[in-house]
Amino acid sequence: GAVVSQHPSRVICKSGTSVKIECRSLDFQATTMFWYRQFPKQSLMLMATSNEGSKATYEQGVEKDKFLINHASLTLSTLTVTSAHPEDSSFYICSARDSPQRVEQYFGPGTRLTVT
Amino acid sequence: AQSVAQPEDQVNVAEGNPLTVKCTYSVSGNPYLFWYVQYPNRGLQFLLKYITGDNLVKGSYGFEAEFNKSQTSFHLKKPSALVSDSALYFCAVRENTGFQKLVFGTGTRLLVSP
């Protein structure tokens, strides 16, 4: 149980285009989803937290107009990188939690974004 | 603010030997502590957590961690390392307010040699 999937696993896009990454909870309802970014050989940096049906809460320094997060249902959150640039190339990981009382977060397998 | 520190960028150990990956924490209130493992180009896999109770927590794949309140530490241990344990290990603490998000350490790369 408690499986989180991400799609795509890898994506290459051209500079200036937008790319959407999906995060799904497969066997539970995710009231809260988190989006992380990880640079090579570095830790996970939280980008934003989203609750179903609400606007995402972004961490300081994260451009909300560039990284659009939608959490429209209890099983799906999307991250759209708009007007991507090479510096946006990174490993993006989502995680989900089924209730605020739940301690655990369940992580997706990650999406490798390369912007050329 | 809650934080965790992983003082070692890398730990090297021979297969069959015991391993320890260090983590210290700084929290206000009772800590909720976690260990995760990450294999190349993969997401994080949960290993174990400490919420309350016994200071020695047993987790997946033979790993365990010892919560030490006086030393504010939560070191990850395994009695006998396997080559397949080679990966990136993250210690994390959960914040007690707001979204109760996880705050991660910088990670420690474990290399187990045959």
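Everything below is about the structure printed above this text.
Read on for an overview of the structure.

Considering the nonpolar core
Line of reasoning, step 1. Counting 26 residues, the largest nonpolar core has Leu33(B), Trp35(B), Leu47(B), Leu48(B), Phe74(B), Leu76(B) and Tyr89(B) as its most contacted members.
Line of reasoning, step 2. Where this core is concerned, the elements lending two or more residues are strand E2 (10-14), strand E3 (19-21), strand E5 (33-38), strand E6 (44-50), strand E8 (64-68), strand E9 (73-78), strand E10 (87-94) and strand E12 (108-113) of chain B.
Line of reasoning, step 3. If you look at the next biggest cluster of nonpolar residues, it comprises 25 residues, including Phe28(A), Ala30(A), Ala56(A) and Leu113(A).

Quick notes on unusual backbone geometry
Line of reasoning, step 1. Each neighbour pair has its own omega, and for His7(A) with Pro8(A) the value is 0 degrees, a cis peptide bond.
Line of reasoning, step 2. A positive phi angle is found at Ser83(A), which is not glycine, with a value near 45 degrees.
Line of reasoning, step 3. Within the secondary structure, Ser83(A) sits in the loop between strand E8 (76-81) and strand E9 (90-97).
Line of reasoning, step 4. Here Tyr61(B), not a glycine, exhibits a phi torsion of approximately 60 degrees, which is positive.
Line of reasoning, step 5. Here Tyr61(B) shows up in the loop between strand E7 (56-58) and E8.

Regarding the state of the cysteines
All names here are of chain A.
Line of reasoning, step 1. A full pass over the atoms with the stated rule returns two disulfides over all chains.
Line of reasoning, step 2. Each sulfur of the disulfide joining Cys23 and Cys94 lies 2.0 Å from the other. In this structure, the disulfide formed by Cys23 and Cys94 twists by about 80 degrees around the S-S bond and is classed as right-handed. With a gap of 71 residues between them, Cys23 in strand E3 (residues 19-25) and Cys94 in strand E9 connect regions that are remote in the sequence. Of the two residues, Cys23 and Cys94, neither departs from the other in class, the shared state being buried.

A closer look at the pattern of salt bridges
Residues and elements named next belong to chain B.
Line of reasoning, step 1. Enumeration over the complete set of coordinates arrives at seven salt bridges over all chains.
Line of reasoning, step 2. Among the salt bridges present, the one from Lys77 reaches Glu66, with a minimum N-O distance of 3.6 Å. Taken together, the residues Lys77 in strand E9 and Glu66 in strand E8 connect sequence positions eleven residues apart.
Line of reasoning, step 3. For Glu66, a relative accessible area of 37% translates into the label partly exposed.

Quick notes on the interface of chain A and chain B
Line of reasoning, step 1. Contacts between the two partners involve 25 residues from chain A and, on the opposite side, 20 residues from chain B.
Line of reasoning, step 2. Carbon and sulfur atoms make up 54% of the surface buried where chain A meets chain B, a total of about 1,800 Å² over both sides.
Line of reasoning, step 3. Taken as a group, Ser43(A), Val103(A) and Phe107(A) account for 27% of the area that chain A buries against chain B, more than any other trio of residues on that side.
Line of reasoning, step 4. On the surface where chain A and chain B come into contact, there are two salt bridges.
Line of reasoning, step 5. Among the salt bridges present, the one from Glu104(A) reaches Lys49(B), with a minimum N-O distance of 2.7 Å.
Line of reasoning, step 6. On the surface where chain A and chain B come into contact, there are six residue pairs in polar contact (both at pLDDT 80 or more).
Line of reasoning, step 7. No other element matches the four residues that strand E5 (residues 44-51) of chain A contributes to the side of chain A that touches chain B.

Conventions adopted
- Residues numbered from 1 in each chain as written.
- Chains lettered and ligands numbered in written order.
- Predicted model: local features only at pLDDT ≥ 70, side-chain atom pairs only at ≥ 80, totals over all residues.
- Heavy atoms only, no water.
- Core = buried A, V, L, I, M, F, W, Y, C linked by side-chain atoms within 4.5 Å.
- Buried < 20%, exposed > 50% of the residue type's maximum accessible area, 1.4 Å probe, protein only.
- Helix = DSSP H or I, 4+ residues; strand = E, 2+ residues; numbered from the N terminus.
- Disulfide = S-S within 2.5 Å.
- Salt bridge = Lys/Arg side-chain N within 4 Å of Asp/Glu carboxyl O.
- Contact = heavy atoms within 4.5 Å.
- Buried area = accessible area lost by both parts, 1.4 Å probe.
- Polar contact = N/O pair within 3.5 Å; in protein donor to acceptor, adjacent residues only side chain to side chain.

None of the figures reported here should be taken as evidence of function without further support.
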